[in-house]
Amino acid sequence: MTLRDAADRPVGGMDALPPLHHVDDGIVLHRNVMITMRDGIRLAADIYRPAIDGVPIAEPLPVILERTAYGKSERSRSEIEVGMERPMTRAEVASHFVRHGYVVIYQDCRGRYNSEGEFVKYLSEGRDGFDTLDWVVRQAWNNGKVGTMGLSYAAHTQMALACLNPPGLATMVLDSGGFANAFTCGIRQGGAFELKQATWAYNNAHESPVVRDDPLLAKALAAEDLRSWFKAMPWSEGRSPVRWVPDYEAYLLEQWRHGTFDDYWRQVGLYAAGHYDHFPDIPVAFLSSWYDCYVSCTFDNYAGLSRSGTRHLDVIMGPGLHGNRNTSFAGDVSFGPQAAIGGNLAPSWLEFRRHWFDRWLKGIEPTEPRGPRVQLFLMGGGTGRRDENGRLDHGGAWIESSQWPLPQSEECRLYLHADGRLSRSRPTVAAAPLVYDFDPDDPVPTIGGALTSGRPVFEGGGFDQREDERFYGVRRVGLPLSARADVLSFETEALASDMAIVGPVTMHLFASTDGPDTDFTAKLIDVYPPSEDYPTGFALILTDGIFRCRYRKSFEQPEPCMPGEIMEITIEPFATANLFKAGHRIRIDISSSNFPKYDVNPNTGAPEGAGRTRRVARNAVFCDDTHPSSLTLHMVPTEQLASACRPQAR
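All figures in this text were calculated on a predicted structure; none of them were measured in a lab.

Participant: Explain the sheet that holds strand E21 (residues 488-491) here, please?
Facilitator: Either a parallel or an antiparallel arrangement is found when strands of a sheet pair, and the pairing is made through backbone hydrogen bonds. Pairing is antiparallel in the open sheet, where 4 strands are placed in the order E21-E28-E24-E25. Each end of this open sheet is capped by a strand with a single partner; those strands are E21 and strand E25 (538-548). Averaged over all pairs of adjacent strands, the angle between strand axes in this sheet comes to 20°, irrespective of strand direction. Both strand E24 (residues 519-528) and E25 contribute to a ladder of 10 bridges, which runs antiparallel. Residue pairing in the sheet places Thr521 in a bridge with Ile546 of E25.

Here it is, written out as structure tokens:
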């Protein structure tokens, strides 16, 4: 019998289990076990257990739990191994762990799929996770140990419950998510709003209970043109494509409009940074990738949980998109077969997790004992030719360290010069500022980068920074973004030798504006020289960031900008790891928008997400002897890379 054949209605109380269903030889399933939360709302869980002749074994076992907003019996797109054509089912993933002596539980989050209650994104996951673990450890079939896993939202649910130090939590595998501070990464960045929250709300409203139960409502929602709605921002009550599901529209608008960092952003589920000292002392595996939208969450959580000095923490950073740990490309760029976790860092992603849980839930030490480890994919070093799929062969290799940032890295400060140079030499003359007009009706279009959940409006990955009809909002197809008058490009001379940049990226900018508010953006680019395959070269985006100037003094107390004020602001693009080959150039692009990745500043000083009028801002960037704008990177001497490279397969 398949899981879909056994689609029972939710039944049962706190300790009641519904009838068993045979999944496979030696595995049975309790489907839609309703677990009661402290407020009486019941959340649905599927519980997979090892069995003999269809009878669950009596021995108490460790539990692996995943709490998801994406359907506990739906396929997860990320559960795909190297060589597979489609992802595994939840039952197939569960079976792998059950056969190795675990009970596996998948649970629908509040207000999603078979669970009761109202879905308010992120804010119920701490309490609901705690209550779920409290229930699990009181079951006779659990030995008191619970490990958690899950990608994206299922990583957010883990971090939220860990903030409350629930009973039984023994280890976590945090895969591409888990907010350290949602105000600075995940919902907002540098004060700007991440519009993946808007596309996510619309796309996932289709799975809300009210839409699933009302065919007419489902048709109304599906009939909305989301791409056109992005031209009508900011949205408001009843004036959005999500208006058919008021609960989703309400939480989205609240996140969008809540621009000041206050107690709202310090809630459990949004702000693990305020709870690190209360976390259980457990081992944690962090996973993300350079084109994932949770790079800084991963490293901030790693740093915060490292403070105790007692936890075993591992980090894996691949090169790809959000959750695509076994693919070899991102956007128009290929990293080669060595980029996948499967076959390189572990036999498979399933086996990586199984060995992790064996170690920390069963005490089975690995055959090669080791301490905590940071494993990073260093992008770059490829041929620079088009591969058989038409992608740029950027290449790369895995490196490892005992800590982050890499202890052998050295700060490298590059200064912006008025003539477009980017160099180690500090400006020595009183050059005039570089001035441009930022028109919010003509924002710089987003062309790749660290993005997720943006379809059908935008998509992340490595792309040439050239306007292409594939990208939303382009108006000058064929021209590089650097041809725009509102994009300031600064680049080094062609590098005489390879240069590895591994670590945080910081843009310290002196700037001004003639209005009460504006934004500044920074984008780090690996500039390929012209070649036969790419006659005009290839400007590969590596990472980018943004800063909203009303927050230049404090995220807690925004202040309008003052005419004539030269502001010192810091833009923090995500960290990266890239080998700039000899002949390449390092480039930083400065502008004031990156849409639709971030919301567009109307330059009026209007409250966040509420400005219906717009004005053109005259912005200026200073790069003179008294206002030396600079880019700080972390360089690893190439002679030390060999010792950091790890064997590719085990």
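Participant: Explanation requested: the nonpolar core in the structure shown.
Facilitator: As a rule of thumb, soluble globular proteins bury nonpolar side chains together. In this structure, Phe230, Trp235, Trp290, Phe520 and Ile590 are the most contacted members of the largest nonpolar core, which totals 180 residues. When neighbours within four sequence positions are excluded, Trp235 is seen to be in contact with Ala198, Leu226, Trp229, Phe230, Ser240, Pro241, Val242, Leu252, Leu253, Trp256, Arg257 and Gly609.

Participant: I keep staring at the packing of helix H1 (residues 90-98) against helix H10 (residues 349-362) and nothing clicks. Help me out?
Facilitator: Geometry of a packed helix pair, given as the angle between the helix axes and the separation of the axes. At a minimum axis distance of 10 Å, the contact between H1 and H10 shows a crossing angle of 40°. Regarding the angle of H1 to H10, the classification is oblique. Crossing of H1 over H10 shows right-handed handedness. Counted together, Val93, His96 and Phe97 of H1 and Leu350, Glu351, Arg353, Arg354 and Phe357 of H10 form the full contact between these two elements. Partitioning the contact of H1 with H10 into residue classes produces 4 nonpolar, 1 polar and 3 charged.

Participant: For this particular structure, what's the right way to read empty space enclosed by the protein?
Facilitator: To locate leftover empty space, one rolls a probe as large as a water molecule over the atoms. Considering all chains together, one arrives at 6 cavities of 30 Å³ or more under this definition. Of the voids in this model, the largest cavity is the one considered here, and its volume is about 190 Å³. Lining the largest cavity are 18 residues, with Pro234, Asp599, Val600, Pro602 and Gly609 sitting closest to its centre. Its residues assigned to classes, the lining of the largest cavity shows 9 nonpolar, 3 polar and 6 charged. Roughly 120 Å³ of internal volume is contained in the second largest cavity. Within the residue set of the lining of the second largest cavity, elements represented by two or more residues are strand E11 (284-291) and strand E12 (313-321).

Participant: Help me understand the environment of Ser423 in this model?
Facilitator: Here Ser423 is to be found in strand E19 (residues 422-423). In this structure Ser423 comes out as buried when scored by relative accessible area, which is 16%. Considered as a pair, Ser423 and Ala192 are 231 residues apart in the sequence and their alpha carbons are 29 Å apart. Contact partners of Ser423, with chain neighbours within four places excluded, come to Arg413, Leu414, Tyr415 and His417. A distance of 2.8 Å separates a polar atom in the side chain of Ser423 from a polar atom in the side chain of Ser425.

Participant: Looking at this model, I keep getting lost on the packing of aromatic side chains. Mind explaining?
Facilitator: Applying the stated criterion to the full structure yields 44 aromatic pairs. Aromatic side chains Phe261 and Tyr271 sit 5.6 Å apart centroid to centroid with 65° between the ring planes, which places their arrangement in the edge-to-face category. With Phe261 in the loop between helix H8 (246-257) and E11 and Tyr271 in the loop between H8 and E11, the pair connects residues that are 10 residues apart, well separated along the chain. On the accessibility criterion, Phe261 (8% relative accessible area) is buried. Looking at Tyr271, the relative accessible area reads 18%, which means it is buried. The interplanar angle of 80° and the centroid separation of 5.0 Å between the aromatic rings of Phe463 and Phe471 together place this pair among those described as edge-to-face. Residue classification places Phe463 among the buried positions, given a relative accessible area of 7%. According to the relative accessible area criterion, Phe471 is buried, its value standing at 10%.

Definitions and cut-offs
Residues numbered from 1 in each chain as written. Predicted model: local features only at pLDDT ≥ 70, side-chain atom pairs only at ≥ 80, totals over all residues. Heavy atoms only, no water. Pairing = 2+ DSSP bridges. Helix = DSSP H or I, 4+ residues; strand = E, 2+ residues; numbered from the N terminus. Axes fitted to C-alpha atoms, helices over the stretch in contact; angles between N-to-C directions. Core = buried A, V, L, I, M, F, W, Y, C linked by side-chain atoms within 4.5 Å. Buried < 20%, exposed > 50% of the residue type's maximum accessible area, 1.4 Å probe, protein only. Contact = heavy atoms within 4.5 Å. Parallel < 35°, antiparallel > 145°, perpendicular 65-115°, else oblique. Left-handed = near helix turned anticlockwise from the far one by under 90°. Nonpolar A, V, L, I, M, F, W, Y, C, P; charged D, E, K, R; others polar. 1 Å grid on protein atoms, 1.4 Å probe; cavity = no way out; pocket = protein on both sides within 12 Å on 5 of 7 lines; lining within 4 Å. Points joined across faces, edges and corners; volume = space filled by probe spheres on them. Polar contact = N/O pair within 3.5 Å; in protein donor to acceptor, adjacent residues only side chain to side chain. Phe/Tyr/Trp six-rings, centres within 6.5 Å; stacked < 30°, edge-to-face > 60°.

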